[in-house]
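# Inside the fold
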Amino acid sequence: MIDKSWGSDIIDLGNKIMQEVLDEKREILPKEELVFRALALPFDKVKVLIIGQDPYPNAKDACGLAFSSPSGVPGSLKTIFDQIGINSNNGDLSSWAEQGVLLLNRALTLTVTDNEKDQSKYLNINLKRWKPFLNRVINKLLKEKDVLVVMLWGNPSNKVIPVENDEEYRQRGICILRSSHPSNLGKNKSLNGGKIKAFVDANHFIECNNFLREHSCKEINWKI
């Protein structure tokens, strides 16, 4: 369930979209009760926003938190752990969420299908379906937060917030950190003609805590 602190407009929109998903009567991931798990984090507790794409394509890993994987450490998450200095087989990121990290996918649901062509089709459908919800959540954070760090990884996520506004946001206490995606294909590649660093060179977790400390906020213990 979405915490009531996010406001009725976000809750109502989320419920409306979720009903559309259920009306299709197709199997989805994660389980219905986990779809809004990320938004169970109260608005006033959010210090960091990390945007993923969509849930993992299996029930044991799709948990409602972007990048979090209760059953192991997939490729992108291993790259993330390598940057932090974590050597673990436990990919559960719930401890990050408990500290104020909003792990939000661009699509909150994944439609289960055995056909590869249909997988691509339904991914695009779900990304489009959830886009208004994602935008509303992000806009609320950008407008109402006094201190916030946003991590945008990969081309699609970097387009969610226009890069030309980064300096204006920083002056207001909002730090936008950009890099390529931590996937094996993207982690070593810079974007936008080199203006956006490769993930492995970005040091986002250090930058995040430096920014939080400068603004008198408690740092995130990424290694829990």
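This text follows the structure it describes.
No experiment lies behind these values; they were computed from the predicted model shown.

## Side note on the pairing of strand 5 (residues 148-153)
Burial of strand 5 is extensive: six of the six residues sit out of reach of the surface. A two-sided burial pattern is seen for strand 5, the buried positions comprising L148, V150 and L152 on one face and V149, M151 and W153 on the other. As paired elements, strand 2 (residues 48-52) and strand 5 share three bridges and run parallel to each other. Within strand 5, the residue paired with V48 across the bridge is V149.

## Quick notes on the packing of aromatic side chains
Counted by the stated rule, this structure contains 10 aromatic pairs. On the numbers, 5.8 Å between centres and 55° between planes, the contact of F36 with F133 is tilted. Separated by 97 residues along the polypeptide, F36 in the loop between strand 1 (28-29) and strand 2 and F133 in helix 4 (residues 116-144) bring together distant segments of the chain. The pair F36 / F133 is uniform in exposure class, with both members buried. Arranged with centres 6.2 Å apart and planes meeting at 55°, the rings of W96 and F205 form a pair that is tilted. Linking W96 in helix 3 (residues 94-98) with F205 in helix 8 (residues 204-214), this pair joins segments that are 109 residues apart in sequence. Overall, the relative accessible area of 1% leaves W96 in the buried class.

## Remarks on the sheet that holds strand 3 (residues 101-105)
Across the sheet, four strands lie side by side as 3-2-5-6; this open sheet has parallel pairing. Two strands close off the open sheet at either side, each with one partner strand: strand 3 and strand 6 (174-179). Taken pair by pair, the neighbouring strands of this sheet meet at an average axis angle of 20°, ignoring direction. Here strand 5 pairs with strand 6 via six bridges, running parallel. Across the sheet, V149 pairs through a bridge with C175, a residue of strand 6. Against the sheet, helix 4 touches strand 2, strand 3, strand 5 and strand 6, its axis set at about 155° to strand 3. Of the strands in this sheet, strand 2, strand 5 and strand 6 are in contact with helix 8, which crosses strand 5 at around 165°.

## Overview of helix 1 (residues 8-23)
Over its 16 residues, helix 1 runs 22 Å from end to end, which matches the ideal 22 Å to within 8%, given 1.5 Å per residue. Against the buried residues of helix 1 lie strand 1 and helix 4. Looking one or two places after helix 1, you find K25, whose phi comes out positive at around 55°.

## Focus on the packing of helix 1 against helix 4
Put simply, helix 1 and helix 4 touch, their axes get as near as 10 Å, and they point 165° apart. With respect to each other, helix 1 and helix 4 are oriented roughly antiparallel. Judged by the sense of rotation from one axis to the other, the crossing of helix 1 with helix 4 is left-handed. Contact residues: D9, I10, L13, G14, I17, M18, E20 and V21 in helix 1; R129, W130, P132, F133, R136, V137 and K140 in helix 4. For the contact of helix 1 with helix 4, the residue count by class is nine nonpolar, one polar and five charged.

## Regarding empty space enclosed by the protein
A full pass over the atoms with the stated rule returns one cavity of 30 Å³ or more. The calculated volume of the largest cavity comes to roughly 50 Å³. Within the lining of the largest cavity, the residues separate by chemical class into eight nonpolar, two polar and no charged.

## Some words on unusual backbone geometry
Between L29 and the following residue, P30, the backbone shows a cis peptide bond with an omega angle of -5°. In the Ramachandran plot, F67 falls in the positive-phi region, its phi being about 70° despite a non-glycine side chain. Looking at the secondary structure, you find F67 in the loop between strand 2 and helix 2 (75-84). Of note in this structure, S216 is not a glycine but carries a positive phi near 60°. Look at S216 and you get exposed, because its relative accessible area is 72%.

What counts and how
- Residues numbered from 1 in each chain as written.
- Predicted model: local features only at pLDDT ≥ 70, side-chain atom pairs only at ≥ 80, totals over all residues.
- Heavy atoms only, no water.
- Buried < 20%, exposed > 50% of the residue type's maximum accessible area, 1.4 Å probe, protein only.
- Helix = DSSP H or I, 4+ residues; strand = E, 2+ residues; numbered from the N terminus.
- Pairing = 2+ DSSP bridges.
- Phe/Tyr/Trp six-rings, centres within 6.5 Å; stacked < 30°, edge-to-face > 60°.
- Axes fitted to C-alpha atoms, helices over the stretch in contact; angles between N-to-C directions.
- Contact = heavy atoms within 4.5 Å.
- Expected span 1.5 Å × (residues − 1).
- Parallel < 35°, antiparallel > 145°, perpendicular 65-115°, else oblique.
- Left-handed = near helix turned anticlockwise from the far one by under 90°.
- Nonpolar A, V, L, I, M, F, W, Y, C, P; charged D, E, K, R; others polar.
- 1 Å grid on protein atoms, 1.4 Å probe; cavity = no way out; pocket = protein on both sides within 12 Å on 5 of 7 lines; lining within 4 Å.
- Points joined across faces, edges and corners; volume = space filled by probe spheres on them.

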